[in-house]
Amino acid sequence: MESFLIYCLKSSLVLAIFWGVYRILLSKETFFIANRWFLNVGMLVSILLPLIYFKNVITVEVSASEMVGESSNNVVPVESIDYGLLMVKLLFGIYLLGVLFLMGKLIFQLSSLFKLIKRGSFRRKENNIHILINEKISPFSFFNYIVYNPKKHSEEDLQTIIAHEKVHAKQVHSLDVIFVELFSVLFWFNPLTWSYKKLLTQNLEFLADRTTVESTQEIKKYQYLLLETVSGVPYSIANPFYNSLIKNRIVMLQKQKSQKKNIWKYALIFPLLAGFMMLFSFKTETKFKIQENLQKTEIVQDSTFSDNPLVVIDGVVMPSDFDLDAIDPETIATMNVSKGEIAIAKYGEKAKNGLIEITLKTGNELLLKNEDSQEKQKDKSLKFRSVDKNGNVQESLKNVLYVVNGKVMPADFDVNAIDLNSISNVNVYKGENAIEKYGEKAKDGVIEISLKKWGLSVGVHDQKDKSLGNLLSDEGSLEHALYIVDGEEKSAEFVKSIEYDKVKSVSVLKNEQAVSLYGAKGKNGVVIVELRK
C-alpha cells in the first residue's frame, strides 16, 4: 500500500518532467504530429519508468563482532500505534474513492454518447459513418463516427466541419482521448494531470485545424467558422469542433511553420529522465557474510544504514540508546539490515535512519550463553559475558550487581539458577548509567532481569530453603491451583515438598491462559513442574 503511494509520487514526477519540457519548449512549435507522440509517450513513460530499477550487489565479509554497536543497553518491549500506517491507509482510501467516482463518470459519458449515436440517422460516406441528430450540440467525432445537426449549419460550413472531423477520424485521435481520460482517472490527485490532458486535446485540434486548412486553402473563412457559437455541451471523450480552445487554435493557425532545426528540443527530455533514473532507479544491495567458528550466517540487506538505526530483536523494538555490545555474537541466528523505503514500510518513520533486525538462536536471550560441558548444555545454565569496543569477548563479569524483578540480589547470588524459559528481558547498565540508578554498589555494572509474569525461576528466592514452597508462595495463593509434575497431576503438598535442586523448571499459568490449556481445572491457576532427569 505504501509502496503504491510512493509509485504514484514517482509517476507524478516523471509526468511533471514531460509537462515542463512541453510547456516551456514545445507548446509554441508547429510540430503537431511530433507533439502528439511526445505527449502520449510521456504518459506511458510516467506509468512504466517508476517500475524499472537496477540492482547493484556488493559482497562484504565481516565478523559478527563488527556488527556490534557502542552505546548503553536498555531492553524494553515497546508497543505503540503506528499513526504513519493509519495515514497511509486513509490516503489510499481517498485515492480509491476518487478513482471509483471518475471511472463511474467516464462510463456514464460513454453510455450517453452511444445512446446519442443510436438515436441519430446513419449515413455511411467513404470510411466514416455520419450520424445526423436533432439535438443542439457541437459537431464532434468519435473514432469513425461523425455526429452533427445538419439544420444548424450552412452546406458550405458543414463541409468544412466534416473535413475537420475526418482528420480526427482518419488519424484515430479518439485513442489519444480515451488514453488520457483513463490516465486522468488513475492519477486524478495530480493537478498536472488535468493540465496535461488539456494540452494533449488542444494539440489534437491544432493538428486537425492545420490539416483542414492546408486542404481547403481558406484560412480566413475557417477562422470565422471557429468563432461561431453553438449551444450544447460537447462530450469530453469525443473530438468536438467547437470548444474553449478557440483563441489558441486561431493563434496557431496564424503561426508560421517551425524551423526543422528546432527539433533538437525534444532531445532535452533524455538527460532529465536519466537524472530521474540516477536518483530513483538504482538500488544498492549489500550482502554481508558473517563468519563464526560454529556457524556461517549470510545476511542480505537493502543498503547501508545511517547513524541511530532502529534495532529490533526477536520482533521486539529496542529503545534508541540500545547497546549492541550486549549481544553475544554466538547467539545470533540471522541479522537483516534495511534502509529507506523498505525500513519505513516495516516500522514507519521511526525506522527512517535504517533498521537492524536480529533473530537469536533458539534458547538464547541477550548475553546468555550455554556452558561448554555437555551436562550443563542439557541444563541450559547461563553465563553473562562482556564485549569490548573491538568486539572481543571478555571473561565473565565480576562484581556485577544483579537485580531480579526489581529486587537487588546478594553478592553470592547464583545467576546460573535462572531458567532461560522464565526470562522476559535483560537490561544491562554500565558506568555512569549504572551508578546513577543504583549508586556506588553498581560501579562494576548492573544486570536487570525481568521474569515472565506467567513463569517462575528456580533459584530466585531464599536459597537456604531447599523446598519449592517459598518459590510458589511468591506468586500469591495457589492453594486451589492445578499442579502438574512431569505431565501428571499432583497435590499441592507433594509439589511444595520437592527440593528445588531436583527441579529443572517451574511455570505458573493463570486466567485465560490456564483455562485455554487445561479447561475448568485450570480456573484457579496451573503450576507446571519439570524435574531434572
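The coordinates are above.
What comes next concerns the included structure. (Residues numbered from 1 in each chain as written. Predicted model: local features only at pLDDT ≥ 70, side-chain atom pairs only at ≥ 80, totals over all residues. Heavy atoms only, no water.)

### Topic: the overall build of the chain
At step 1: Across its full length, the chain holds 15 helices and 23 strands.
At step 2: Every one of the 533 residues in the chain was classed for burial, and the buried ones make up 45%.
At step 3: When contacts within the chain are restricted to residue pairs at least 6 apart in sequence, those whose partners lie at least 24 apart make up 70%.
At step 4: Here the chain has roughly 29200 Å² of accessible surface; of this, 56% comes from carbon and sulfur atoms. (Helix = DSSP H or I, 4+ residues; strand = E, 2+ residues; numbered from the N terminus. Buried < 20%, exposed > 50% of the residue type's maximum accessible area, 1.4 Å probe, protein only. Contact = heavy atoms within 4.5 Å. Areas by Shrake-Rupley, 256 points an atom, 1.4 Å probe, with all protein chains shown as cover.)

### A short note on the packing of aromatic side chains
At step 1: Under the defined criterion, the tally for this structure stands at 16 aromatic pairs.
At step 2: Both rings, one in Tyr95 and one in Phe189, keep their centres 5.9 Å apart while their planes meet at 65°; by these two values the pair is edge-to-face. With Tyr95 in helix α3 (residues 83-119) and Phe189 in the loop between α5 (173-186) and α6 (191-216), this pair connects stretches of sequence that are 94 residues apart.
At step 3: Judged by relative accessible area, Tyr95 falls into the buried class, the value being 9%.
At step 4: By way of ring pairs, the aromatic residues Phe4, Tyr7, Phe92, Tyr95, Phe183, Phe187, Trp188 and Phe189 are connected into one cluster.
At step 5: Sitting above the plane of the Phe494 ring, Lys490 keeps its charged end 5.2 Å from the centroid. (Phe/Tyr/Trp six-rings, centres within 6.5 Å; stacked < 30°, edge-to-face > 60°. Lys NZ or Arg CZ within 6 Å of the ring centre and 35° of its normal.)

### As for the side chain of Arg210
At step 1: Mapped onto the elements, Arg210 comes out in helix α6.
At step 2: For Arg210, the side chain forms a polar contact with the main-chain oxygen of Lys255, separated by 3.3 Å.
At step 3: Ignoring any residue separated from it by four or fewer positions in sequence, one finds Arg210 in contact with Thr30, Phe32, Met252, Leu253 and Lys255. (Polar contact = N/O pair within 3.5 Å; in protein donor to acceptor, adjacent residues only side chain to side chain.)

### Brief notes about the pattern of salt bridges
At step 1: Applying the stated rule across the entire model yields twelve salt bridges.
At step 2: Where Arg249 meets Asp209, a salt bridge forms, and the shortest distance between an N and an O atom there is 2.7 Å. Linking Arg249 in helix α8 (residues 246-254) with Asp209 in helix α6, this pair joins segments that are 40 residues apart in sequence. For the pair formed by Arg249 and Asp209, the shared burial category is buried.
At step 3: Salt-bridge contacts for Glu448 lead to Lys437; the nearest nitrogen and oxygen are separated by 3.0 Å. Highlighted residues: Glu448 in strand β18 (residues 446-451) and Lys437 in helix α12 (residues 431-438), separated in sequence by eleven residues.
At step 4: You can call Glu448 buried: its relative accessible area is 10%.
At step 5: If you follow the salt bridges from partner to partner, you end up with Glu205, Asp209 and Arg249 in one network. (Salt bridge = Lys/Arg side-chain N within 4 Å of Asp/Glu carboxyl O.)

### Brief notes about unusual backbone geometry
One can expect most non-glycine residues to show negative phi and most peptide bonds to be in trans.
At step 1: A positive phi angle is found at Val172, which is not glycine, with a value near 50°.
At step 2: Counting through the fold element by element, Val172 comes out in the loop between α4 (155-170) and α5.
At step 3: Positive phi is not limited to glycine here, since Asp486 has a value of about 50°.
At step 4: Relative to the assigned elements, Asp486 resides in the loop between β20 (482-485) and β21 (488-490).

### Details of the packing of α3 against α5
At step 1: Orientation of α3 relative to α5, taken along the N-to-C sense of each, is 150°, at an axis distance of 8 Å. Classed by the angle they form, the pair α3 and α5 counts as roughly antiparallel. Between α3 and α5, the residues in contact are Tyr95, Val99, Leu102, Met103, Leu106 and Leu110 and Ile178, Glu181, Leu182, Ser184, Val185 and Leu186, respectively.
At step 2: Partitioning the contact of α3 with α5 into residue classes produces ten nonpolar, one polar and one charged. (Axes fitted to C-alpha atoms, helices over the stretch in contact; angles between N-to-C directions. Parallel < 35°, antiparallel > 145°, perpendicular 65-115°, else oblique. Nonpolar A, V, L, I, M, F, W, Y, C, P; charged D, E, K, R; others polar.)

### Focus: the nonpolar core
At step 1: Core analysis: the biggest nonpolar cluster contains 26 residues, and Phe18, Phe38, Met43, Ile269 and Leu273 have the highest contact counts within it.
At step 2: Of the residues forming this core, the biggest block, nine residues, is contributed by helix α1 (residues 2-26).
At step 3: What Phe18 contacts, discounting residues up to four positions off in sequence, is Phe38, Gly42, Val45, Tyr196, Ile269 and Leu273.
At step 4: Listed in part, the twelve residues of the second largest apolar core include Val311, Ile313, Val337 and Ile356. (Core = buried A, V, L, I, M, F, W, Y, C linked by side-chain atoms within 4.5 Å.)

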